[in-house]
Amino acid sequence: MSYAIPDEELLLSGHLACPGCGGSLSMRLALKALGEKTILVIPACCWSIIAGAFPYSSVKVPLMHTAFETGGSAAAGIKAALEVQGDTETTVLTWAGDGGTFDIGLQALSGAVERNEDFIYACYDNEAYMNTGIQRSSATPWGAWTTTTPVRHPKERPKKDIVAIMAAHRIPYTATATIAYPEDLVRKFQKAKGIRGAKFIHILSPCPPGWKMEPAYSIRISRLAVESKVFPLYEVETGEKWTITVWPKREVPVREYLKLQGRFSHLTEEDIEFIQENVDRQWERLGARAGQ
Amino acid sequence: MEKVIMGNHAVSYGAKLARAQVIAAYPITPQTQIVEMLSEFWAEGLLDAKFIKVESEHSAMAACIGASSAGARAFTATSSQGLALMHEMLHWAAGARLPIVMANVNRAMGPGWSIWTEQTDSLAQRDTGWLQFYCESNQEVLDSVIQAFKIAEQVLLPTMLVLDAFVLSHTQEPVDIPDQELVDRYLPPYDARYKLDPGDPHAFGAMVAPPHYMELRYKIQKAMEEAVEVARQADGEFREIFGRSYGLVEKYRLEDAEVVLVASATITSTARVVVDELREEGYKVGLLKVRMFRPFPTKDVREALAGARKVAVIDRNISFGHGGIFAEEIKSALYNGSHRPPIFGFIIGLGGRDVTPASIRGIAEYTFEHDTPEMEIIWREVKNS
């Protein structure tokens, strides 16, 4: 079934994203999904720059830049102000990177969703602190190179499971999305918009400079992430109902996903097998939760 | 209506009367009663506000910034560690030109843990671009909350009013609680000139490169300078409507004073009594209360101290590596002026150690007895010093 993606562009050309940036395409789609009655909150991240420097803005919605760790808290304040002034319609959308979500912003995010603040928190996850030059975050996958997990000491901890953390807060809606599946992404944002309470959407956002990949492969790599089950697309409602929303159409070994990215080029066969095992186990666990 | 209430509750009444619309706060001793009473007001339908029970003070200020940016009147309260935790966002609120009002209960910084009064917490934030008012009584606290919104919304800078832990926050005093109608006349609803509004989209707080940033800082300083007269006028209008005013500074028995004690907050009350006693004994002593600390009222201070032969500044705070902060600022204010009397910088009462009439008398006597201060910091009542 095809799903209509609204035509209106709320992201203007002239923004400062790198070629192939997953963060810019996902913003474009998210804004299409939500429409112009949206207020954007952007804590420190690549989008603090992509949005454009004073006196320009590349989005046609109001935008409040805010400090790194305040994605959850600033949004709560905005929402409260809107409501006290009688506006229950405008959507407040926090648009944060993985740093501001998984790490420095985790407290404010947890606080906001625990209180069930009525907003959408979207994390466009490029799996490292990219805006400051590719340092590791807790969203960096096991084995990846970053400047603080150099090839001799690659990331030795697994990626933090942010969706499980959000689901554990029993918020109305949590979902994953990525740019290769625009209809799925748009549908999820629109679904979130229609729910009152806290909504969290985790977007895998390929980053050509940080992942050391061809800019032109951004969408291909995003698709491989889903097909290889590295990044399954699913939703969780009230922390209890798990639903897989995109079923991979073919069996794709993780190797296919990893080999296009220079950040994984140092991995040994053993490493790749280890990753494959973990991906398989994670997929099974997801399947069990989703009742499949 | 007159009630006998603690300082914290005076803050609550002030925020309620000022029709604060979004309150985001985190509890910390000795501030807790402020938000508890506001919650009660709200639960009873007496306050039409949104409460955000944030999970930290940093988030409290971030939420206030969000709320104020979206056009609501935002309020919070905190103390010491909480204020310190907000530090990054205090800079942000000022840089974003948001008229947020905050009550800070002056409490000593840990470690060691201390819940008792000291001014270092708020004074350590003096560079952040917030206006600061130091209150002497619960009446002044209530009135200052209301004045703070009026001033802040005119100059577009955040404003804090400060009250001593326990000595004011938990001490009951008779307070006149003004009629809502009068407060509404004095303080109309907040009408933001710029706000987050889908009907008129703008980006706030984006990157500002060197060609533009300095002008924004210049404007903040200009707003601070304007704030001196705005605060004076706001206080004057307050007097017209409510019959009370406080000034930016207050001169007490300065006319022929040779020694002028400079004090702030509750030490001022005690000092008044001591000044009267000393006057009875023939000492030509007076008292200058500094109420507005930021912007620093240089003109008023120079004028008040114009006739002083010696100045004794009483600091219940310290900037390590330098000295008492009011003393520092007074010296700085007088330096380029035409009259530069010796300034004695006393430090007393840190960590809530009691400052008694005898303490202040001791300070006054020391000042009378010495032509010049013998040291940069004169510590009072420190054991083994």
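The rules behind the values
- Residues numbered from 1 in each chain as written.
- Chains lettered and ligands numbered in written order.
- Predicted model: local features only at pLDDT ≥ 70, side-chain atom pairs only at ≥ 80, totals over all residues.
- Helix = DSSP H or I, 4+ residues; strand = E, 2+ residues; numbered from the N terminus.
- Rg over C-alpha atoms; globule rule 2.2 N^0.38 Å.
- Buried ≥ 20, exposed ≤ 12 C-beta atoms within 10 Å, placed from the backbone.
- Contact = placed C-beta atoms within 7 Å.
- Domains from an automatic or database assignment.
- Nonpolar A, V, L, I, M, F, W, Y, C, P; charged D, E, K, R; others polar.
- Axes fitted to C-alpha atoms, helices over the stretch in contact; angles between N-to-C directions.
- Parallel < 35°, antiparallel > 145°, perpendicular 65-115°, else oblique.
- Left-handed = near helix turned anticlockwise from the far one by under 90°.
- Pairing = 2+ DSSP bridges.
- Right-handed = clockwise from strand over helix to strand, strands pointing away.
- Expected span 1.5 Å × (residues − 1).
- Bend = angle between axes of the 7 residues up to and from the residue.

Draft legend 1. Looking closely at the overall build of chain A. When its secondary structure is counted, chain A shows eleven helices and eight strands. A compact globule built from 292 residues would reach a C-alpha radius of gyration of about 19 Å, and chain A, at 18 Å, matches this within 12%. With the principal axes as the frame, chain A shows a C-alpha extent of 60 × 45 × 35 Å. The 292 residues of chain A split such that 56% are buried. In chain A, once contacts between residues fewer than 6 apart in sequence are set aside, the share between residues at least 24 apart is 69%.

Draft legend 2. Up close: the overall build of chain B. The number of helices and strands found in chain B is 13 helices and 16 strands. Taken against the 2.2 N^0.38 rule, which gives 21 Å for 385 residues, the C-alpha radius of gyration of chain B at 21 Å falls within 12% of a compact globule. Counting all 385 residues of chain B, 56% fall into the buried class. Taking all contacts inside chain B whose residues are at least 6 apart in sequence as the whole, residues at least 24 apart take part in 79%.

Draft legend 3. Molecular detail of the domain arrangement of chain B. Residue and element names in this part refer to chain B. Assigned domains within chain B: domain 1 (2-242) and domain 2 (249-379). Just the C-alpha atoms count here: the centres of domain 1 and domain 2 sit 27 Å apart. Opposite the 27 residues of domain 1 that make contact, domain 2 presents 20 residues. Taken together, the elements giving at least two residues each to the side of domain 1 that touches domain 2 come down to helix 6 (120-123), strand 6 (131-134), strand 7 (159-164) and helix 9 (210-242). Residue composition of the side of domain 1 that touches domain 2, by class: 16 nonpolar, six polar and five charged.

Draft legend 4. Structural view of the packing of helix 10 (residues 265-280) of chain B against helix 13 (residues 357-369) of chain B. All names here are of chain B. The N-to-C vectors of helix 10 and helix 13 enclose an angle of 60°; their axes lie 9 Å apart at closest approach. In this view, helix 10 runs oblique relative to helix 13, as classed from their interaxial angle. In the crossing of helix 10 with helix 13, the sense of the turn from one axis to the other is right-handed. Contacts between helix 10 and helix 13 pair Thr 270, Ala 271, Val 273, Val 274 and Leu 278 from the former with Pro 357, Ile 360, Arg 361 and Ala 364 from the latter. Residues belonging to the contact of helix 10 with helix 13 are distributed by class as follows: seven nonpolar, one polar and one charged.

Draft legend 5. Representation of the pairing of strand 11 (residues 259-263) of chain B in the model. Residue and element names in this part refer to chain B. Among the five residues in strand 11, five count as buried, and that is most of the element. Here strand 11 shows no split at all, with Val 259, Leu 261 and Ala 263 on one side and Val 260 and Val 262 on the other all buried. Judged from the five bridges that link them, strand 11 and strand 12 (residues 285-290) form a sheet pairing that is parallel. In the strand pairing of strand 12, Leu 261 is matched with Leu 287. In the classification by handedness, the crossover that spans strand 11, the intervening helix 10 and the parallel strand 12 is right-handed.

Draft legend 6. Structural context of the sheet that holds strand 2 (residues 22-24) of chain B. All names here are of chain B. Pairing is mixed in the open sheet, where seven strands are placed in the order 3-2-4-5-7-6-13. The two strands at the open ends of the sheet, each matched to only one other strand, are strand 3 (50-52) and strand 13 (292-294). Strand after strand, the sheet turns through a mean of 20° between neighbouring axes, direction not considered. Bridge analysis of strand 5 (residues 101-106) against strand 7 gives six bridges, and the strand direction is parallel. Opposite Met 102, over in strand 7, you have Met 160 as the bridge partner. Sheet strands touched by helix 3 (residues 57-69): strand 2, strand 3 and strand 4 (74-79). Its angle to strand 4, the strand with the most contacts, is close to 165°.

Draft legend 7. Region of the structure containing helix 7 (residues 138-155) of chain B. Residues and elements named next belong to chain B. Along its 18 residues, helix 7 runs 25 Å from first to last C-alpha, staying within 8% of the 26 Å computed at 1.5 Å per residue. Approximately 25° is the largest bend angle found in helix 7, and it occurs at Ser 144. With 17 of 18 residues buried, helix 7 is to be regarded as a mostly interior element. In the segment just after helix 7, Leu 156 is the residue with positive phi, at about 55°.

Draft legend 8. Layout of the pairing of strand 12 of chain B. All names here are of chain B. Burial within strand 12 is extensive, with six of its six residues counted as buried. Where strand 10 (residues 249-252) lies against strand 12, four bridges are found, and the strand directions are antiparallel. Opposite Glu 250, over in strand 12, you have Lys 289 as the bridge partner.

Draft legend 9. Spotlight on the sheet that holds strand 2 (residues 63-66) of chain A. The strand order 8(A)-7(A)-5(A)-6(A)-4(A)-3(A)-1(A)-2(A)-9(B) describes an open sheet built from nine strands, whose pairing is mixed. Each having just a single partner strand, strand 8 (241-246) of chain A together with strand 9 (203-204) of chain B make up the two edges of the open sheet. When strand 3 (residues 91-96) of chain A meets strand 4 (residues 119-125) of chain A, the two strands line up parallel, connected through four bridges. Bridged to Leu93(A) within strand 4 of chain A is Ile120(A).

Draft legend 10. Inspection of the interface of chain B and chain A at higher detail. Between chain B and chain A, the residue contacts involve 38 residues of the former and 38 residues of the latter. Secondary structure elements with two or more residues in the side of chain B that touches chain A: strand 2, strand 3, helix 3, helix 5 (87-95) and strand 9 of chain B. Among the elements that make up the side of chain B that touches chain A, the one with the highest residue count is helix 3 of chain B (nine residues). Looking at the side of chain B that touches chain A residue by residue, the class counts come to 23 nonpolar, ten polar and five charged.

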